[in-house]
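Structural characterization, general
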Amino acid sequence: SVMREVTGINEMEQLLQRKLGISKVIIVAGDSDHSPWVKKELGLATANCMKSLLKGNNIIAVTGGTTMSSVADALTPSVADGELLFVPARGGIGEDVKNQANTICSMMADHTASKHRVLYAPDEVSEEMYKSISNDPRISEVLKLIRSANLLVHGIGEALTMANRRNTTKSDLEKIKNAEAVGEAFGYYFNEEGEVVHKVQTIGLRLEDLSSVPNIIAVAGGASKSKAIRAYLKEAPTSTILITDEGAAKKLI
Ligand code: BG6
């Protein structure tokens, strides 16, 4: 639009896309750290982007978080012409019910008149439990759906904000702090170099599965998330589409 040209947002998108080395960047005006309505705009921009990608039937894996909750709010049945199935990307990672991927999935299914599946898994599982849970037929069925998703939509968080928001044990919190983690995405914590320094042990999508997901949208805004976004995108597939706001974008350029 004319507005985007005048404000230089289009130029900023191209600059940032090259700088981050990913397939596309979409920037909405404002900074969601300071103006709550900007998160709504992130949601609307993501819904539009999803619409452009969704042809026919789709399995969509999603994470939790307040940003993803805005995405759910912005979705309508017109987002796709085929059937949609929403699945949570990963099992419990210590979030409040309202922020959980299961909750977001059911909201998304409601708003688009489609289906969703729930992943009943406890927060943080031991190695042993991991194996037995993954073999449970009801769970392994959902895990298969997750691994065959053709679109992943996820949030990115600032590491300590996320660690504090979740039921993180004292020793894990120390580990995350000592490793100087700056970013977090679906339970993985990253340092500034984009190296994984800690991961929440749960079932679902693993970092190594991302390369086989055809479409990935990362949604995160606010100047406070700029380091987190940069760190995570060092590790993320280059096919990732980033939807962010001016607040984060200005710090990333
Ligand atoms: C969580 C996701 O639910 O939301 C995380 O699992 C993400 O990967 C986080 O970092 C972001 O939360 P918010 O509320 O900042 O959108």
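This section reports on the structure supplied with the text. (Residues numbered from 1 in each chain as written. Predicted model: local features only at pLDDT ≥ 70, side-chain atom pairs only at ≥ 80, totals over all residues. Heavy atoms only, no water.)

**Some points on the packing of helix H4 (residues 66–74) against helix H5 (residues 101–112)**
As a reminder of what qualifies: Each axis is a line fitted through C-alpha atoms, taken for helices only over the stretch in contact, and angles between the N-to-C directions span 0 to 180 degrees. Segments assigned H or I by DSSP are reported as helices when at least four residues long, segments assigned E as strands when at least two residues long, and all are numbered from the N terminus. Any angle that falls under 35 degrees is termed roughly parallel, while one over 145 is termed roughly antiparallel, one within 65 to 115 roughly perpendicular, and all others oblique. Each crossing gets its handedness from the near helix: less than a right angle anticlockwise from the far helix is left-handed, clockwise is right-handed. Between two residues, a contact is recorded if the distance between any of their heavy atoms is within 4.5 Å. Only Asp, Glu, Lys and Arg are considered charged, only Ala, Val, Leu, Ile, Met, Phe, Trp, Tyr, Cys and Pro nonpolar, and every remaining residue, Gly among them, polar.
Put simply, H4 and H5 touch, their axes get as near as 8 Å, and they point 15° apart. On the basis of the axis angle, H4 is roughly parallel to H5. Crossing of H4 over H5 shows left-handed handedness. Along the contact surface, H4 presents Met68, Ser69, Val71, Ala72 and Asp73, while H5 presents Ile104, Met107, Met108 and His111. A class-by-class count of the residues in the contact of H4 with H5 yields six nonpolar, two polar and one charged.

**Brief notes about H4**
This is how the line gets drawn: Exposure is judged per residue with a 1.4 Å probe applied to protein chains only, and the accessible area is read against the type maximum: over 50% gives exposed, under 20% gives buried, and values in between give partly exposed.
Burial runs high along H4: seven of the nine residues are buried. Buried within H4 are the following residues: Thr67, Met68, Ser69, Ser70, Val71, Ala72 and Ala74. Next to the buried residues of H4 lie helix H3 (37–53), strand E2 (58–62), H5, strand E5 (151–155) and strand E10 (215–219).

**Examining the nonpolar core**
The condition is simple: By nonpolar core is meant a set of buried Ala, Val, Leu, Ile, Met, Phe, Trp, Tyr and Cys residues that side-chain atoms within 4.5 Å join together.
Judged by nonpolar contacts, the single largest core of 48 residues is most densely connected at Leu152 and Tyr232. Every residue in contact with Leu152, bar those within four places of it in the chain, is listed here: Ala61, Ala89, Phe186, Leu205, Leu210, Val213, Asn215, Ile216 and Ile217. Counting residues in hydrophobic clusters, the runner-up holds 30 residues, among them Val28, Ala45, Met50 and Ala80.

**What to know about the site of the ligand**
To keep it simple, the criterion reads: Note on definitions. A residue lies near a molecule or strand when any single heavy atom of the residue is within 4 Å of it. Residues adjacent in sequence count toward polar contacts only when both atoms are side-chain atoms; beyond that, a polar contact is any pair of N or O atoms within 3.5 Å, and within protein one must be able to donate a hydrogen and the other to accept it. Values of accessible area rely on a 1.4 Å probe in the Shrake-Rupley scheme; residue burial ignores everything except the protein chains shown. Think of a 1 Å grid over the protein atoms and nothing else: a 1.4 Å probe that fits but is trapped marks a cavity, an open set flanked by protein within 12 Å on at least five of seven lines marks a pocket, and residues with an atom within 4 Å of a point count as lining. Criterion for pocket placement: a molecule counts as inside a cavity or pocket if more than half of its atoms are within 2 Å of its grid points.
Around the ligand lies a shell of 18 residues, among which Thr66, Thr67, Glu184, Phe186 and Lys225 are the nearest. The separation between an oxygen atom of the ligand and a polar side-chain atom of Glu184 is 2.5 Å. Contacts to the ligand include Lys225, whose side-chain N or O atom sits 2.7 Å from an oxygen atom. When isolated, the ligand has an accessible area of 400 Å², and the protein chains bury 96% of it. Its atoms largely coinciding with the cavity grid, the ligand occupies the largest pocket. Every element with two or more residues in the shell around the ligand is listed here: H4, helix H8 (159–165) and strand E7 (181–185). For the shell around the ligand, the class distribution of residues is five nonpolar, eight polar and five charged.

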